[in-house]
Amino acid sequence: QVQLVESGGGLVQPGGSLKLSCATSGDFFSIALMAWYRQPPGKERELVASIQARGETNYGDSVKGRFTISRDNVKLTIGLQMNNLNSDDTAVYYCNAAVQYRAETGRYFWEDTWGRGTQVTVSS
C-alpha cells in the first residue's frame, strides 16, 4: 500500500549531528501522525518523536531539546534533526506513519506502517 524509506543514518562522533529523512510512496488517502522510533542494541523499540498533520509534536524525554522532528505535507516526508548526539542515541531508527485508507465500502481506516530502519552509530 505505502512504503516508508529512511535515509541519513551513519557514524558520527559524540556531540555531532545527523539529519534523518523518511520518504513515502504508494497509494493512500492521507497520512496523519508520523513518528520516529528507535531500537538500541539489546533493547526494545521506543518512541523518539512524533508529529501530527497540523504540526503538533511530541518528544521522548531523552531527546527533548536535542532532536527536532519536521514534516513536509507537500512532499509527504518527515525529517529528524539530531543534535548533540551521545552514545545512548546509537540505535536503528525507524520511520512510522499512521496511514489512512478508504475501503471499497467507503469506510476509512488507519494502519501503522514502518520503514526498514537506518542505523545511527555514535562513537569516538
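Let us look at the structure shown here. Because the structure is predicted, anything quoted here is derived from the model rather than measured.

Some remarks on the packing of aromatic side chains
Argument step 1. Taken as a whole and judged by the stated rule, the model has three aromatic pairs.
Argument step 2. Between Arg45 and the ring centre of Tyr94, over which it is positioned, the NZ or CZ distance is 3.9 Å.
Argument step 3. Lying over the aromatic face of Trp114, Arg45 brings its terminal NZ or CZ to 4.5 Å of the ring centre.

A few points about the sheet that holds strand E1 (residues 2-7)
Argument step 1. The strand order across the open sheet formed by four strands is E1-E3-E8-E7, and the pairing between neighbours is antiparallel. The sheet is open, and its two edges are formed by E1 and strand E7 (67-72), each paired on a single side. Taking the axes of each pair of neighbouring strands and ignoring which way they run, one obtains an average angle of 15° across the sheet.
Argument step 2. Across six bridges, the pairing between strand E3 (residues 18-26) and strand E8 (residues 77-82) is antiparallel.

Observations concerning the pairing of E8
Argument step 1. Strand direction decides the pairing type here: E7 and E8, joined by six bridges, are antiparallel. By the bridge assignment, Arg71 is partnered in E8 with Ile78.

Some remarks on the state of the cysteines
Argument step 1. Considering all chains together, one arrives at one disulfide under this definition.
Argument step 2. Residue pairing for Cys22: its cysteine sulfur links by disulfide to Cys95, the two sulfurs lying 2.1 Å apart. The disulfide joining Cys22 to Cys95 has a torsion of about -85° about its S-S bond and is therefore left-handed. In this pair, Cys22 is assigned in strand E3 and Cys95 in strand E9 (residues 91-102), connecting sequence segments 73 residues apart. Neither Cys22 nor Cys95 differs from the other in exposure class; each is buried.

A short note on the environment of Leu4
Argument step 1. In this fold, Leu4 is placed in strand E1.
Argument step 2. In this structure the C-alpha to C-alpha distance between Leu4 and Gly26, which are 22 residues apart in sequence, comes to 9.1 Å.
Argument step 3. Setting aside chain neighbours within four positions, we find Leu4 in contact with Cys22, Ala23, Thr24, Cys95, Asn96, Ala97, Thr113, Trp114, Gly115 and Arg116.

Some points on the pairing of E7
Argument step 1. In E7, alternate side chains face the same way, and those of Phe67, Ile69 and Arg71 are buried while those of Thr68, Ser70 and Asp72 on the opposite face are not.
Argument step 2. Hairpin connection, E7 to E8: the antiparallel pair is bridged by four residues, and Leu76 has positive phi, about 60°.

A word on unusual backbone geometry
Argument step 1. Its identity is not glycine, yet Leu76 carries a phi of approximately 60°, on the positive side.
Argument step 2. Considering the arrangement of structural elements, one finds Leu76 in the loop between E7 and E8.
Argument step 3. Accessibility expressed as a relative area gives 29% for Leu76, which makes it partly exposed.
Argument step 4. The phi torsion at Asn84 lies on the positive side, around 50°, for a residue other than glycine.
Argument step 5. Residue classification places Asn84 among the partly exposed positions, given a relative accessible area of 48%.

Re the side chain of Ser50
Argument step 1. Its location among the elements puts Ser50 in strand E5 (residues 46-51).
Argument step 2. Its relative accessible area of 9% is what places Ser50 among the buried residues.
Argument step 3. Leaving out residues up to four positions away in the same chain, Ser50 has contacts with Leu33, Met34, Ala35, Glu56, Thr57, Asn58 and Ile69.

About the cut-offs
- Within each chain, residue numbers correspond to sequence positions counted from 1 in written order.
- Residue-level local features of this predicted model are given only where pLDDT is at least 70; pairs of side-chain atoms are given and counted only at 80 or more, and the full residue set underlies all totals for whole chains, interfaces and linings.
- Only hydrogens and water are removed before side-chain values are computed, so all heavy atoms of the structure are retained for them.
- When the centres of two rings from Phe, Tyr and Trp lie within 6.5 Å, Trp using its six-membered ring, the rings pair. Their planes under 30 degrees apart give stacked, over 60 give edge-to-face, and anything left gives tilted.
- Only lysine NZ and arginine CZ atoms are considered, and such an atom sits over a ring when it is within 6 Å of the ring centre and within 35 degrees of the ring normal.
- DSSP-based pairing: two strands are paired if at least 2 bridges between them are found.
- Helix and strand assignments follow DSSP, with helices taken as H or I runs no shorter than four residues and strands as E runs no shorter than two, numbered in order from the N terminus.
- Think of each axis as a best-fit line through the C-alpha atoms, taken over the contacting stretch in the case of a helix, with angles from 0 to 180 degrees between the N-to-C directions.
- When the sulfur atoms of two cysteines come within 2.5 Å, that pair is taken as a disulfide.
- Each residue is assigned to one of three classes by its accessible area relative to the maximum for its type, calculated with a 1.4 Å probe on protein chains only: buried under 20%, partly exposed between the two thresholds, exposed over 50%.
- Contact criterion: two residues are considered in contact whenever any of their non-hydrogen atoms come within 4.5 Å of each other.

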